[in-house]
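# Examining the three-dimensional arrangement
Here is what each chain is made of, one letter per residue.
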Amino acid sequence: MTILVSVGTFVFHPLILFSAGMKFSFRNPEDLLIKENIMKNQKYIISILIAGILMVGVSDRIQAKGDDQKAGTVKPAQAKQLLVEGNARFVSGKSIHPRQNADRRSELTNSQHPFAIVLGCADSRTGPEIIFDQGLGDLFVVREAGNVIDDHTIGGIEYAVEHVHVKLVVVLGHQRCGAIAAARDTAGADGHIKSLLVTIQPAVNATKGQDAEATCKAHVQNMVHALQTSEPVLKKLVQSGEIKIVGAYYSLETGAVSFLEE
Ligand SMILES: [Zn+2]
């Protein structure tokens, strides 16, 4: 918007000069010189107008992309592609931190239209908006240590799917997850942490003799399967193809998110 206003100022400035120039009659050399300057101004005006029109075109396209997301029509494959592209920017150190300004905040005061749900770990190194290079209102994030599901997390996901019309759910595990390590530790854990480990235990049992990465990925797949078969809401939406639920694994070392085989 600031740029367009600036362009407007530049456009009108020579127009004012041009209008003033029309008062001269061009009968003497001085007037001819003024006429020549006005001709130059005309070329200047035309160039600026063309640039302005092009900029308006670009602005319209950006707006159109936003409108697509608002309509809640971002399909699972398209949503996944947006995440892949954002993560690639993050990995290469070229994050653009999109839609994190006051304009975006204002746009979202009465509604939200995120294009993906991420069920991630509470680990402080795995913030989805950061590793997928997204902004305000882009992701519906549910986080729990060890990215485990329970009635509360499923309830949050059901809400986002049914009422916010999000089409893609990503269960995101990560390298060196403390919850996975604790579940693999035969000594177990005290307090309420134990309830997290019970949910991870089947993956530990299934990956005996393998490393923590294998356990984490197996656990992610278990959570994907549990969500895909969750009744009464998610199962029917998965079966009808309305939504997709996929697993992914985040590397702390490279920053890369790899989507697991479906
Ligand atoms: Zn973790």
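Residues numbered from 1 in each chain as written. Predicted model: local features only at pLDDT ≥ 70, side-chain atom pairs only at ≥ 80, totals over all residues.

### A few points about the sheet that holds strand β5 (residues 257–259)
- Strand order in the open sheet formed by five strands is β2-β1-β3-β4-β5, and the pairing between neighbours is mixed. Here the strands that pair on one side only, and so sit at the sheet edges, are β2 (139–143) and β5. Between one strand axis and the next, the sheet turns by 25° as a mean value, whatever way the strands run.
- Bridging between strand β1 (residues 116–120) and β2 involves five bridges; their strand directions are parallel. Among the inter-strand pairings, Leu-119 is bridged to a residue of β2, identified as Val-142.
- Of the strands in this sheet, β1, β3 (168–174), β4 (244–250) and β5 touch helix α3 (residues 76–91), which is tilted by about 35° from β3. (Pairing = 2+ DSSP bridges. Helix = DSSP H or I, 4+ residues; strand = E, 2+ residues; numbered from the N terminus. Axes fitted to C-alpha atoms, helices over the stretch in contact; angles between N-to-C directions. Contact = placed C-beta atoms within 7 Å.)

### Some thoughts on the nonpolar core
- Among the nonpolar cores identified, the biggest contains 47 residues, and Ala-116, Ile-117, Leu-119, Val-169, Val-170 and Ile-200 are the most heavily contacted of them.
- For this core, the element with the highest residue contribution is helix α9 (residues 212–228), accounting for six residues.
- Not counting the four nearest positions on each side in its chain, Leu-119 is found in contact with Val-142, Asn-147, Ile-149, Thr-153, Ile-157, Val-169, Val-171 and Leu-172. (Core = buried A, V, L, I, M, F, W, Y, C linked by C-beta atoms within 7 Å. Buried ≥ 20, exposed ≤ 12 C-beta atoms within 10 Å, placed from the backbone.)

### Description of the packing of helix α8 (residues 193–206) against α9
- Between α8 and α9, the shortest axis-to-axis distance is 8 Å and the interhelical angle comes to 125°. With respect to α9, the axis of α8 lies oblique. Helix-helix and strand crossings are classified by hand; for α8 and α9 the assignment is right-handed. Between α8, through Ile-200, Pro-202, Ala-203, Val-204 and Ala-206, and α9, the contact on the second element is made entirely by Thr-215, Ala-218, His-219 and Asn-222.
- Of the residues belonging to the contact of α8 with α9, the class tally is six nonpolar, three polar and no charged. (Parallel < 35°, antiparallel > 145°, perpendicular 65-115°, else oblique. Left-handed = near helix turned anticlockwise from the far one by under 90°. Nonpolar A, V, L, I, M, F, W, Y, C, P; charged D, E, K, R; others polar.)

### Digging into the pairing of β3
- Of all seven residues in β3, seven are buried, a share of seventy percent or more.
- Taken together, the seven bridges between β3 and β4 define a ladder with parallel strand orientation. Bridge pairing in β4 places Gly-173 opposite Tyr-249.

### Remarks on α3
- Between its first and last C-alpha, α3 extends 22 Å over 16 residues, near the 22 Å set by a 1.5 Å rise per residue.
- Here α3 has its buried residues at Pro-76, Ala-79, Lys-80, Leu-83, Gly-86 and Asn-87. With its buried residues spanning 125° around the axis, α3 presents them on a single face. α3 presents Ala-77, Gln-81 and Glu-85 as exposed residues on the side facing more than 90 degrees away from its buried surface.
- In this structure, the buried side of α3 is in contact with β1, α5 (128–131), β3, β4 and β5. (Expected span 1.5 Å × (residues − 1). Arc of directions from axis to C-beta.)

### Some remarks on the confidence of the model for the protein chain
- Residues of the protein chain with pLDDT of at least 70 account for 72%, and the chain-wide mean is 82.
- Counted against residues more than four places away or in other chains, residues 1–27, with its pLDDT under 50, gives 29 contacts. (pLDDT = per-residue confidence, 0-100.)

### As for unusual backbone geometry
- With an omega of 10°, the peptide bond between Glu-231 and Pro-232 qualifies as cis.
- As for its position among the elements, Pro-232 is in the loop between α9 and α10 (234–239).
- Positioned with a positive phi, Asp-133 is a non-glycine residue whose angle comes to about 45°.
- Relative to the helices and strands, Asp-133 resides in the loop between α5 and β2.

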